[in-house]
Amino acid sequence: MPQLTLFNTLSRNKEAFVPLTPGQVKMYTCGPTVYNYAHIGNLRSYIFPDLLKKLLLQLGYSVQHIINFTDVGHLTSDEDLGDDKVEKAAARLGKSAWEISRFYAEAFQQDLQALNIAFPTRFTYATEYIPQQIALLEQLEAKGLSYTLPDGVYYDTASFADYGQLARLDIEGLNEGARVSAEGKQHKTDFALWKFSPADQQRQMEWESPWGKGFPGWHLECTAMIFAELGQTIDIHTGGTDHIPVHHTNEIAQAEGATGQKFVNYWLHGEFLVLDQERRMGKSEGNFITLQTLLDQGFSARAYRYLALTAHYRHFLTFSEEALKSAQTAYFKLKRLIQKLDASAHQGAEAAEAAYEQMLAALCDDLNAPKALGQIWELVQNKDIGGQPKISVLQRIDQVLSLALFDSADLPENNAAEIPPVVQDLARQRWEAKQARDFARADQLREALAEAGYAVKDAKAGYELVALDSSM
Ligand code: AMP
Ligand code: ZN
């Protein structure tokens, strides 16, 4: 078995992975704030933990994995001000906060399924762990790490010596001359653990607590759910890079402040999906694309997974329709090659096994999926290796990559219903022009079809549409 190494944000180094308990891994992934659909950027941040989990399983570990739903307490501003995102969406849509969060949690699960992302051992809703969050806050209070203001209970970051280590925060610089945003906050980096319900407003989600009626801070939720489900020290915690300076920094301050023990051994952060160098895709930016939009445009969800795997998870992934088209073309081509493999050809078994070891080694090197994909192409095209050993290797590596390499259902030729109606219409018009012996028009229409990515083949009793990327 190759040694798994992971880039740990804590040390900014690749480190050999050693679990707390031999053979077992405890892993937590920050889940979505369920006030809207996830966009394809968010979804990228669930593909790499899925890859990691499946690799760990392939290496023989058992994995306990939690993904949460942030259904309360995520405010519109990182400064502990503004509205609760879920309550705000509920007011806008005229639904209850509970309906909204359950609706988007369900939609998120459907996205995961479409992308072949395995469900975690458990999805946890923050609202189902309120007693645990209150208990954690009581521990922090007992250690002198919190103070109360008129609008909530805050964490006193100056009293936690290691505050900001994960993000390498320049605490002095941050606090120097900084305008502290929430009324009375002692340091800029202090953050809300519990917010009081506004006196003049009835919240839908609120709970009694020793400090007053209110709701938990977003950071408190994750730490409390981790303690409840996985324990006070876990192996791996994942999320997007935006979580390093605030959310994960605060999770550590709460956990380690309360227990005095190391909270997470390996912090893994996925880089953002962007539209170009300046534009991040963000739920609040109004520039976001959902998976459903891609499906409506006729793309296969797995082609998006393929695209995500062509970039290393720690690098930006620049998304464009063109990039996704090329990824889909490559993905379909790969599957067609695999479909044509001759399972009765057995030569080259040793070379195939060596290729498998190399693929695993690439993945074990901080999840180098782009390299593994390159090795898959090389294997499939290797003329010295027969179909049977290739199939055996591809089946095993696909348990990790989950590209459904042997499932051809999403290939256009197997799914006439997938061909866009405009294309079907053009094809019908061309056929009619040809029947009417208007060959010039038929040729024009053939060209229009080619531009739309389809070739038309005439048969005795009609015609057949073939996606151009399949004509290899
Ligand atoms: P949220 O629902 O905003 O809490 O985000 C859910 C996950 O998506 C978090 O792990 C974020 O770090 C991550 N995320 C947000 N925007 C992007 C993006 N454009 N690309 C990749 N990950 C993102
Ligand atoms: Zn979290």
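Above: the structure in question.
The rules behind the values
- Residues numbered from 1 in each chain as written.
- Chains lettered and ligands numbered in written order.
- Predicted model: local features only at pLDDT ≥ 70, side-chain atom pairs only at ≥ 80, totals over all residues.
- Heavy atoms only, no water.
- Near = heavy atom within 4 Å.
- Polar contact = N/O pair within 3.5 Å; in protein donor to acceptor, adjacent residues only side chain to side chain.
- Areas by Shrake-Rupley, 256 points an atom, 1.4 Å probe, with all protein chains shown as cover.
- Helix = DSSP H or I, 4+ residues; strand = E, 2+ residues; numbered from the N terminus.
- Nonpolar A, V, L, I, M, F, W, Y, C, P; charged D, E, K, R; others polar.
- Donors = N, O, S within 2.8 Å, 3.2 Å for Na, K, Ca; no water.
- Tetrahedral: all angles 85-135°; square planar, octahedral: opposite > 155°, others 65-115°.
- Buried < 20%, exposed > 50% of the residue type's maximum accessible area, 1.4 Å probe, protein only.
- Pairing = 2+ DSSP bridges.
- Axes fitted to C-alpha atoms, helices over the stretch in contact; angles between N-to-C directions.
- Contact = heavy atoms within 4.5 Å.

**Student:** What am I meant to see in the site of ligand 1 here?
**Tutor:** By nearness alone, 17 residues border ligand 1, and Ser 45, Asp 242, Leu 273, Met 281 and Lys 283 come closest of all. One of the backbone nitrogen or oxygen atoms of Leu 273 is found 2.8 Å away from a nitrogen atom of ligand 1. In isolation ligand 1 offers 490 Å² of accessible surface; the protein chains occlude 94% of this area. Within the residue set of the shell around ligand 1, elements represented by two or more residues are α1 (40-58) and β10 (234-240). Counting residues per element, the shell around ligand 1 draws most heavily on α1, at 4 residues. The residue inventory of the shell around ligand 1, partitioned by class, reads 5 nonpolar, 9 polar and 3 charged.

**Student:** Sorry if this is basic, but what is going on with the coordination of the zinc ion (ligand 2) here?
**Tutor:** Binding of the zinc ion (ligand 2) to the protein goes through Cys 30 (SG), Cys 222 (SG), His 247 (NE2) and Glu 251 (OE), at separations of 2.0 to 2.7 Å. What the 4 donor atoms of the zinc ion (ligand 2) show is an angle range of 77 to 133° at the metal, which sorts the shape as irregular. Counting residues between consecutive donors of the zinc ion (ligand 2) along the chain gives the motif C-x191-C-x24-H-x3-E. Here His 247 lies in helix α7 (residues 244-259) and Cys 222 lies in helix α6 (residues 218-229), a separation of 25 residues in the sequence.

**Student:** Explanation requested: unusual backbone geometry in the structure shown.
**Tutor:** It is generally the case that most residues other than glycine have a negative phi and that most peptide bonds are trans. Residues other than glycine seldom take positive phi values, yet Asn 116 does so here, at roughly 60°. For Asn 116, a relative accessible area of 22% corresponds to the partly exposed category. A positive phi angle, close to 55°, is found at Arg 168, a residue other than glycine. In this fold, Arg 168 is placed in the loop between β7 (152-155) and α5 (171-175). Since its relative accessible area comes to 46%, Arg 168 is described here as partly exposed.

**Student:** Whenever I open this one, the sheet that holds strand β11 (residues 264-270) confuses me. Can you help?
**Tutor:** Sheets are built from strands paired through backbone hydrogen bonds, the pairs being either parallel or antiparallel. As summarised here, the arrangement of the 5 strands in space is β5-β4-β3-β10-β11, forming an open sheet in which the pairing is parallel. Each of the sheet's edge strands pairs with one partner strand only, and the pair in question is β5 (122-125) and β11. In this sheet, neighbouring strand axes are inclined to one another by 25° on average, regardless of whether the strands run parallel or antiparallel. Summarising the sheet, β10 and β11 pair through 6 bridges and their orientation is parallel. Each residue of the ladder has a partner; that of Gly 240, found in β11, is Gly 270. Along the sheet, helix α3 (residues 97-114) makes contact with β4 (62-69) and β5, crossing β5 at roughly 155°.

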